[in-house]
Amino acid sequence: MFEQAQTELSTLRDLLRFAVSRFNEAQLFFGHGADNAWDEAAYLLLHSLHLPLERLEPFLDATLTSDERAAVLQVIDRRIRERLPVAYLTNEAWLGEYRFYVDQRVIVPRSFIAELLREQLTPWIDDAHAVTAVLDLCTGSACLAILAAHAFPAARIDAVDISPEALAVARRNVNDYDLAAQIRLVEGDLFAALKGKRYDLIIANPPYVNAASMATLPEEYRREPELALASGPDGLDLTRAILAGARQHLRPNGLLVVEIGHNRDALEAAFPATPFTWLDTSAGDQYVFLLHRDELP
């Protein structure tokens, strides 16, 4: 079929239709930036052809060269055959207007905390310039650390991850944004390497997939590092550890902000006396909690 496409399809419109048909036929899972075959195919083709990502319409009837067709068909084939998230095929992921380099050493960036950082955590933080120390736990590609650096320009930021492979990707992104003087990358298991240092704000998007969900993950998620996904039987192993250690690393008026996926009910059952504040995001108020230092269990 792909050999036939190489000779019979000529325009971007042809290739886009072909990609959508093949993606739907293969029953791909979409959860790493796009939620449907059309949007993912359009992004993948525009990126592969070095065209503006926001300008599909003017190019739909442009004829591709044979080399361009071959390159596009190769990436469509890899998406289907290897079940790779598109971010790994393009080596980029976006959070709003911010672009990050990614590969299979890190989880594909996706976090509701990014939305909150764009608003500088208003109204929970009154003066963004008064925030001088931020900790980003489980930093992965350093995407949230970089957003925090832009949100809180006076802050020095420690970005921690247990994976040296992830930190290599993080370093590339920090350097791409020229933030090496503001963001310090730290290899370690949560707070272990921080030697009692205290912060105005701790943010974390830790692993939070429970064992039952890990056993049924779509293939696309299995291409991501398991270390960045799995968090014990109920998905709360890392969150428990963060709650246990956060108090001694927060300044007196410090805040803890943590993303926990679909685990709100399990978390509230595990910590019934803790007054979690659930923050509104584009998907609702189920996914990110905030605690003041004196509210920590």
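Every residue gets a number counted from 1 within its own chain, in the order that chain's sequence is written. Totals for whole chains, interfaces and linings use all residues, but because this is a predicted model, local features are given only for residues with pLDDT of at least 70 and pairs of side-chain atoms are given and counted only at 80 or more. Hydrogens and water are ignored here; the side-chain numbers use all heavy atoms of the structure.

In the nomenclature of an unreviewed UniProt entry, the protein is known as Ribosomal protein uL3 glutamine methyltransferase of Candidatus Accumulibacter vicinus. The UniProt entry for the protein carries this comment under Sequence similarities (unreviewed entry): "Belongs to the protein N5-glutamine methyltransferase family. PrmB subfamily." If you open the UniProt record of the protein and go to Function (unreviewed entry), you find "Methylates ribosomal protein uL3 on a specific glutamine residue." UniProt positions are given in the numbering used here, feature names are shortened, and annotations may be inferred rather than shown by experiment.

Draft legend 1. Representation of the nonpolar core. Within the largest apolar cluster, 39 residues are counted, with the highest numbers of intra-cluster contacts made by L16, F23, L45 and I76. Numbering of helices and strands runs from the N terminus, with a helix taken as a DSSP run of H or I at least four residues long and a strand as a DSSP run of E at least two residues long. Of all the secondary-structure elements, those providing two or more residues to this core are α2 (12-26), α3 (37-48), α4 (66-81), α5 (86-90) and α8 (164-176). A per-element tally of this core places α2 first, with eight residues. Built from parts of two domains, this core gets at least three residues from each of domain 1 (1-90) and domain 2 (104-292). Contacts are assigned to residue pairs that have any heavy atoms within 4.5 Å of one another. When residues no more than four places from it in sequence are discounted, the contact partners of F23 are L28, F30, A37, E40, A41, L44, I76, R79 and I80. By nonpolar core is meant a set of buried Ala, Val, Leu, Ile, Met, Phe, Trp, Tyr and Cys residues that side-chain atoms within 4.5 Å join together. Buried, partly exposed and exposed residues are distinguished by accessible area as a fraction of the type maximum, computed with a 1.4 Å probe on protein chains only: under 20%, between the cut-offs, and over 50%, respectively. Core analysis: the next-biggest nonpolar cluster, separate from the first, contains 37 residues, L95, L179, L279 and Y287 among them. For the domains described, the bounds stem from an automatic or database domain assignment.

Draft legend 2. The arrangement of the UniProt feature "domain: Methyltransferase small" (unreviewed entry) in the protein in detail. Under the present numbering, the feature "domain: Methyltransferase small" (unreviewed entry) in UniProt falls on residues 130-213. End-to-end, the C-alpha atoms of residues 130-213 are 40 Å apart, and along that stretch the chain is 30% helix and 26% strand.

Draft legend 3. Geometry of the domain arrangement of the protein. As assigned here, the protein comprises domain 1 (1-90) and domain 2 (104-292). For domain 1 versus domain 2, the separation of C-alpha centres amounts to 33 Å. When domain 1 packs against domain 2, close to 970 Å² is buried across both sides, 64% of that on carbon and sulfur atoms. Note on definitions: buried area is the accessible-area loss of two parts on being combined, 1.4 Å probe, summed for both. A per-residue breakdown of the area domain 1 buries against domain 2 is headed by F29, H32 and Y88, which together make up 59% of the total. R83 is the partner of E220 in a salt bridge, and the nearest nitrogen-oxygen pair spans 3.9 Å. Any N or O atom pair separated by 3.5 Å or less is treated as a polar contact, with the protein-specific requirement of one donor-capable and one acceptor-capable atom, and with residues adjacent in sequence counted only for side-chain atom pairs. Along the contact surface separating domain 1 from domain 2 lie six residue pairs in polar contact (both at pLDDT 80 or more). Note on residue classes: Ala, Val, Leu, Ile, Met, Phe, Trp, Tyr, Cys and Pro are nonpolar, Asp, Glu, Lys and Arg are charged, and everything else, Gly too, is polar. Here the residues of the side of domain 1 that touches domain 2 sort into six nonpolar, two polar and three charged. We count a salt bridge whenever a side-chain nitrogen from Lys or Arg sits within 4 Å of a carboxyl oxygen from Asp or Glu.

Draft legend 4. Structural detail: the packing of α2 against α3. Axis separation between α2 and α3 bottoms out at 9 Å; the angle between their running directions is 135°. Regarding the angle of α2 to α3, the classification is oblique. As α2 runs across α3, the sense of the crossing is right-handed. The segment α2 lies against α3, with L12, L15, L16, A19, V20, F23 and N24 engaging A37, W38, E40, A41, A42, L44 and L45. Considered class by class, the residues forming the contact of α2 with α3 number twelve nonpolar, one polar and one charged. To define axes, lines are fitted to C-alpha atoms, for helices over the stretch in contact only, and angles between the resulting N-to-C directions are given on a 0 to 180 degree scale. Oblique is the label for every angle not falling under 35 degrees (roughly parallel), over 145 degrees (roughly antiparallel), or within 65 to 115 degrees (roughly perpendicular). Here a crossing is called left-handed whenever its near helix is offset anticlockwise from the far helix by less than a right angle, and right-handed whenever the offset is clockwise.

Draft legend 5. Structural view of the pairing of strand β5 (residues 183-187). With five bridges joining them, strand β4 (residues 156-161) and β5 adopt parallel strand pairing. Its bridge partner lying in β5, A159 is registered against L185. For two strands to pair, DSSP has to find at least two bridges joining them.

Draft legend 6. Inspection of the sheet that holds strand β6 (residues 199-204) at higher detail. On the basis of which strands lie adjacent, the open sheet formed by seven strands has the order β5-β4-β3-β6-β7-β9-β8 and mixed pairing. The sheet is open, and its two borders are formed by β5 and β8 (277-278), each paired with just one other strand. Across two bridges, the pairing between β8 and strand β9 (residues 288-292) is antiparallel. Bridge pairing in β9 places W278 opposite F289. Sheet contacts for α8: β4 and β5; angle to β5, the most-contacted strand, approximately 170°. In this fold helix α11 (residues 237-246) packs onto β3 (133-137), β6, β7 (250-259) and β9, with an angle of close to 175° to the strand it touches most, β7.

Draft legend 7. Focus on the side chain of Q182. If you trace the backbone, Q182 turns up in the loop between α8 and β5. Taking relative accessible area as the criterion, Q182 reaches 13% and is therefore assigned buried. With sequence-adjacent residues up to four places away left out, Q182 is seen in contact with A149, F152, P153, A155, R156 and I157.

Draft legend 8. Examining the packing of α3 against α4 more closely. One can describe the packing of α3 onto α4 by two numbers: an axis separation of 10 Å at closest approach and a directional angle of 140°. Viewed along their axes, α3 and α4 adopt a mutual orientation that is oblique. Seen from above, α3 lies across α4 with right-handed handedness. Of α4, the residues touching α3 (which contributes E40, L44, L45 and S48) are V72, V75, I76 and R79.

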